[in-house]
Amino acid sequence: ISEAHAMREQNRRNQRLAAMGEMAAGLAHQLRTPLSTALLYAEHLTNENLAIQARQRFAVKTQERLRHLEQLICNMLQFVKGDSIAMHEVSLSALLSELQRMMAPQLQRAEVQLTVSDNSHDVCLHANQDALCSVLSSLLENALQVSVAGSQITLACDVTEDTVTLTVGDDGPGIEPAVVEQLFDPFFTTRSEGTGLGLAIAHDVVRSMRGEIQVASAPGAGSRFTVRLPRKT
């Protein structure tokens, strides 16, 4: 009986450690993009020849990214504890502008263009802006990683009476059908440095907002990730 009890305790401990590892890997993935952006802005602040107005602008942007990091940590802790994600009115146009600002440094460094098509017509969505921004920035970052200098990434927002559709497209090498089927599985990755949690977390976050995320891709034809969310609660 003592041996069986010890085995059960060890199994529970291993499960807790696995959950902690999954949370840490997921948090690292979520923080990567805003942290790299904050670091780029901070690097500008070390330029002694930077004008006062430019320095103030980069300081404000750095503070914005750090506050975003803080919110992401809070969201992740809520997710781990099983708390529901706070929902509020989100301006789709403001969300697209935020994503453009967030991704601008990485896009410029990679010499990749982001084309945004805002067809939201000033519509607001009942969702969590930080969580949705995190999902879309993760999709944009993935698109950037498969894009070459001089290529283009697209971000489009379209609305109907009942649905909001947000689409991220790239002109990358595309994805094999067998890989597409596993993209949203936890810990599945085709990159040696990947955690395999980015798309799995994005999938769960979108589902928590009563939406769905899909991918359309083929080798040599690029990829399109589509997030669909209901406009009404």
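See above for the structure.
Within any chain, residue numbers begin from 1 and follow the written order of that chain's sequence. Local features in this predicted model are restricted to residues of pLDDT 70 or higher, and side-chain atom pairs are both shown and tallied only at a pLDDT of 80 or more, whereas totals for entire chains, interfaces and linings draw on every residue. Side-chain numbers here rest on the full set of heavy atoms in the structure, without hydrogens or water.

Caption draft 1: Quick look at helix 6 (residues 198-208). Burial classes follow relative accessibility: with a 1.4 Å probe on protein chains only, a residue under 20% of its type's maximum area counts as buried, one over 50% as exposed, and anything between as partly exposed. Strands are runs of DSSP state E lasting at least two residues, helices are runs of H or I lasting at least four, and both sets are numbered from the N terminus onward. Buried within helix 6 are the following residues: Gly 198, Leu 199, Ala 200, Ile 201, Ala 202, Val 205 and Val 206. Backbone geometry just downstream of helix 6 places Arg 210 in the positive-phi region, at approximately 65°.

Caption draft 2: Spotlight on the nonpolar core. Residues enter a nonpolar core if they are buried and are Ala, Val, Leu, Ile, Met, Phe, Trp, Tyr or Cys, with the set joined through side-chain atoms within 4.5 Å. Counting residues in each nonpolar core, the largest one holds 43 residues, and the members touching the most others are Leu 136, Leu 139, Ile 153 and Val 227. Of all the elements in the fold, those that place two or more residues in this core are helix 3 (92-110), strand 3 (124-127), helix 4 (129-145), strand 4 (152-159), strand 5 (163-170), helix 6, strand 6 (212-217) and strand 7 (223-230). No other element matches the 9 residues that helix 4 contributes to this core. Contacts were defined at the residue level, with two residues in contact if any of their heavy atoms lie within 4.5 Å. Aside from chain neighbours lying at most four places away, what touches Leu 136 is Leu 95, Leu 99, Leu 166, Val 168 and Val 227.

Caption draft 3: The arrangement of the packing of aromatic side chains in detail. Working definition: a ring pair exists when centres of Phe, Tyr or Trp rings (six-membered ring for Trp) sit within 6.5 Å. Plane angles under 30 degrees give stacked, over 60 give edge-to-face, the rest tilted. A full pass over the atoms with the stated rule returns 1 aromatic pair. Taking 6.0 Å as the distance between ring centres and 40° as the angle between the ring planes, the aromatic pair formed by Tyr 41 and Phe 58 counts as tilted. With Tyr 41 in helix 1 (residues 2-45) and Phe 58 in helix 2 (residues 52-81), this residue pair connects regions lying 17 residues apart in the sequence. Seen from the ring of Phe 58, Arg 57 lies directly overhead, with NZ or CZ sitting 5.6 Å from the centre. For a ring to carry a charge above it, either NZ of a lysine or CZ of an arginine must fall within 6 Å of the ring centroid while also lying within 35 degrees of the normal to the ring plane.

Caption draft 4: Spotlight on the sheet that holds strand 6. DSSP calls a pair of strands paired once it identifies at least 2 bridges connecting them. The 5 strands lie next to each other as 2-4-5-7-6, forming an open sheet whose pairing is mixed. Edge strands, defined here as strands with exactly one partner in the open sheet, are strand 2 (113-119) and strand 6. When strand polarity is set aside, the average angle formed by the axes of neighbouring strands in this sheet is 15°. As defined by bridge partners, strand 6 adjoins strand 7 across 6 bridges and the pair is classed as antiparallel. Directly across from Glu 212, in strand 7, lies its bridge partner Arg 228. Convention adopted: a line fitted to C-alpha atoms gives each axis, helices being fitted over their contacting stretch, and angles between N-to-C directions are expressed from 0 to 180 degrees. Against the sheet, helix 4 engages strand 2, strand 4, strand 5, strand 6 and strand 7, with an angle of about 25° to strand 5.

Caption draft 5: Seen up close, the environment of Thr 160. If you trace the backbone, Thr 160 turns up in the loop between strand 4 and strand 5. Overall, the relative accessible area of 48% leaves Thr 160 in the partly exposed class. Separated by 40 residues in the primary sequence, Thr 160 and Ser 120 have C-alpha atoms spaced 9.0 Å apart.

Caption draft 6: Structural context of the pairing of strand 3. Side-chain alternation along strand 3 places Leu 125 and Ala 127 on a buried face and Cys 124 and His 126 on a face that remains uncovered. As paired elements, strand 1 (residues 88-91) and strand 3 share 4 bridges and run antiparallel to each other. Each bridged residue has a counterpart across the sheet, and for His 88 the counterpart in strand 3 is Ala 127.

Caption draft 7: Quick peek at helix 3. Here helix 3 is 19 residues long and its end C-alpha atoms lie 26 Å apart, about the 27 Å a rise of 1.5 Å per residue gives. The largest bend in helix 3 comes to about 50°, at Ala 104, with the proline Pro 105 one to four residues further on. Where helix 3 is concerned, the buried positions are Leu 92, Ser 93, Leu 95, Leu 96, Glu 98, Leu 99, Met 102, Met 103, Pro 105, Gln 106 and Leu 107. Within two residues after helix 3, Glu 111 carries a phi angle of roughly 60°, on the positive side. The span one expects for a helix is its residue count, reduced by one, times 1.5 Å. By definition, a residue's bend is the angle between the axes fitted to the seven residues ending there and the seven starting there.

Caption draft 8: How the structure looks around the pattern of salt bridges. Any Lys or Arg side-chain nitrogen located within 4 Å of an Asp or Glu carboxyl oxygen qualifies as a salt bridge. Scanning the entire structure with this criterion turns up 2 salt bridges. Notably, a salt bridge pairs Arg 101 with Glu 98, separated by 2.8 Å at the nearest N-O pair. Residue Arg 101 and its partner Glu 98 are located together in helix 3, separated by 3 residues, close to a single helical turn. The class for Glu 98 is buried, based on a relative accessible area of 14%. Here Arg 228 makes a salt bridge to Glu 212, at a shortest N to O gap of 4.0 Å. With a gap of 16 residues between them, Arg 228 in strand 7 and Glu 212 in strand 6 connect regions that are remote in the sequence. Owing to a relative accessible area of 38%, Glu 212 belongs among the partly exposed residues under this scheme.

In short, shape yes, function no, at least from these values alone.
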